Amino acid sequence: MTTEDMARLAALGPLDGRYRNDVAALAGFFSEAALFRYRVRVEVEYLIFLSRARGITFVPPLTPPQQAALRALYRQFSDEDALAIAAWDRRVNHDVKAVEYWLRERLTALGLTSHLEAVHFAITSEDVNNLAYALMVKEARELVLLPALEALLEPLRQLADAEAATPMLARTHGQPATPTTFGKEMNVFYMRLRRAINDVAAIRITGKLNGASGVFAAHQAALPQIDWLKFSRAFVRSLDLEPILLTTQIEPHDTLAALCDALKRVGAILTDLSQDCWRYISDGYLVQAARAGEVGSSTMPHKVNPIDFENAEGNLALAGALLELFSRKLPISRLQRDLSDSTVLRNLGLAFGYCLLAYRRLLRGLQKVAVDRTRLRRDLEAHPEVLAEAIQTILRREGFAEPYELLKEFTRGRALTADELARFIASLPVSDAVRAELQALAPAAYIGLAVKLAQLRDEATVGNWT
């Protein structure tokens, strides 16, 4: 056993223990070392931006090699760098000031002592932190979460296409209902998830740089000739973030809350999918591939449990609880600033981690299921009463008096055989043509436009009713 193995066994939570391999991709965004790196990035880019600004003469221009050397501080950020900043943090008990002091040391080593007093010039720690967290969340979303979500679309699309015409007994309120196709039901989830992914991707994360109390007081006092509103907006945009100028000392986290809400909606869709797949497995509609060497039950050797869907459901619940907390708590800060958001923000990685773990477990579950078409057909044919809707609707078209009530009396709350239904149709006082139409009805064929719906990928192509 390695030291790393023991560290995982001793971890306080499962994301750093049992599930570490599943979520390791997020460590480069949400770990304490990553937060230090993002803060260094903001401080470095701010220093470079100051050096380029016309009218800020106390910051000497930086040559391209000097700029490259500064950017290397975060692009090549090492474990030793993180440990050095952590040592400063223990000394001064302020993690952002620790970054500043470490950066001043690095500038001295690079021969840039004339730039020392431009480091962290006129800004507050919240200016650095809000931009660091914004970059962290934006890049984790784009590079990890969105690809994991996109990966879920493919097995759903494949199931929708392959089973577009596979008839299935629908259940509404848990009871037999108008038939559908398995592919159509999978395409419902495909389209819902695709829309939700687009919503997650579309949210522009905001950032601010406006000093203590959000009034640019130190900036204006030191360099009143500079248009700091334009400067701030341009700098935040240079980080590919959406600038906001009017804030308290704290960035209001409104767009971060919106992202949490969007991810929570994704979680609701995927919970729905997980629970439906669990039920389809329970009903025998989906068959799971058994993995060699895997144990399903400690006492029942035959079991192949739907553990991936259950694991996904549980982790989506954990993620949803955290995302709900973030969207409710983070936009609230007393007066111009309190620090209650700081400890909450440090847990963003947990929510993203539970999301990622759930997405990957759900993907694994989807990749090892197959549809048992014979079982679906057998269950559907055992419920000819689902044709009652079709019969009463056709009779309505023919002007037949109270056909709904007639079919209700005949079918509601009872088991019905195909022969009984055939005799009922034969007894109806309708024309031979209508009788033939009713006799031709079959549960497996009574699926409406389900095949077309299973193949629908863009609702805009349907066009408008005229």
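Quantities reported herein were computed from a predicted structural model and do not represent experimental measurements.

Participant: How should the overall build of the protein chain be read in this particular structure?
Facilitator: Counting its secondary structure elements, the protein chain contains 21 helices and six strands. Radius of gyration (C-alpha) of the protein chain: 31 Å, far over the 23 Å computed for a compact globule of 466 residues. Expressed as lengths along the three principal axes of its C-alpha atoms, the size of the protein chain is roughly 100 × 65 × 40 Å. The buried share of the protein chain, taken over its 466 residues, is 49%.

Participant: What's the story with the pairing of strand β2 (residues 175-181) in this structure? I'm lost.
Facilitator: Consecutive side chains along a regular strand alternate between the two faces of the sheet. Relative to β2, strand β1 (residues 167-172) runs antiparallel, the two being bridged by five bridges. Bridging across to β2, R171 finds its partner in P176. Between the antiparallel neighbours β1 and β2 lie two residues, among them H173 with a positive phi of about 60 degrees.

Participant: Is there a simple way to think about the pattern of salt bridges in this case?
Facilitator: Note on pairing: side chains with opposite charge can pair once their charged atoms come close. Scanning the model with the defined rule gives 36 salt bridges in all. Close ionic contact of K138 with D240 constitutes a salt bridge, the shortest N to O distance being 3.1 Å. Linking K138 in helix α8 (residues 125-162) with D240 in the loop between α11 (228-238) and β4 (242-243), this pair joins segments that are 102 residues apart in sequence. Look at K138 and you get buried, because its relative accessible area is 9%. Classification of D240 as partly exposed rests on a relative accessible area of 40%.

Participant: Please explain helix α19 (residues 418-427) as it appears in this structure.
Facilitator: Counting along an α-helix, one turn takes 3.6 residues, and residues three or four places apart therefore face a common direction. Taken together, the buried positions of α19 are occupied by L421, F424 and I425. Relative to the axis of α19, the buried residues are bounded by an arc of 100 degrees and lie together on one face. Residues of α19 that are exposed and point over 90 degrees away from its buried face: D419, R423 and S427. The elements touched by buried residues of α19 are α17 (388-397), α18 (403-411) and α20 (432-439).

Participant: Explain the nonpolar core here, please?
Facilitator: Side chains of nonpolar character tend, in soluble globular proteins, to be buried together. The biggest cluster of nonpolar side chains holds 125 residues, and the ones touching the most others in it are L270 and Y359. Per-element tally for this core: the top contributor is α8, with 19 residues. Here this core spans two domains, since at least three of its residues come from each of domain 1 (31-121) and domain 2 (126-168 + 176-371). Here L270 is in contact with L149, L152, L193, L316, Y359 and L362, once residues within four sequence places are set aside.

What counts as what
Residues numbered from 1 in each chain as written. Predicted model: local features only at pLDDT ≥ 70, side-chain atom pairs only at ≥ 80, totals over all residues. Heavy atoms only, no water. Helix = DSSP H or I, 4+ residues; strand = E, 2+ residues; numbered from the N terminus. Rg over C-alpha atoms; globule rule 2.2 N^0.38 Å. Buried < 20%, exposed > 50% of the residue type's maximum accessible area, 1.4 Å probe, protein only. Pairing = 2+ DSSP bridges. Salt bridge = Lys/Arg side-chain N within 4 Å of Asp/Glu carboxyl O. Arc of directions from axis to C-beta. Contact = heavy atoms within 4.5 Å. Core = buried A, V, L, I, M, F, W, Y, C linked by side-chain atoms within 4.5 Å. Domains from an automatic or database assignment.

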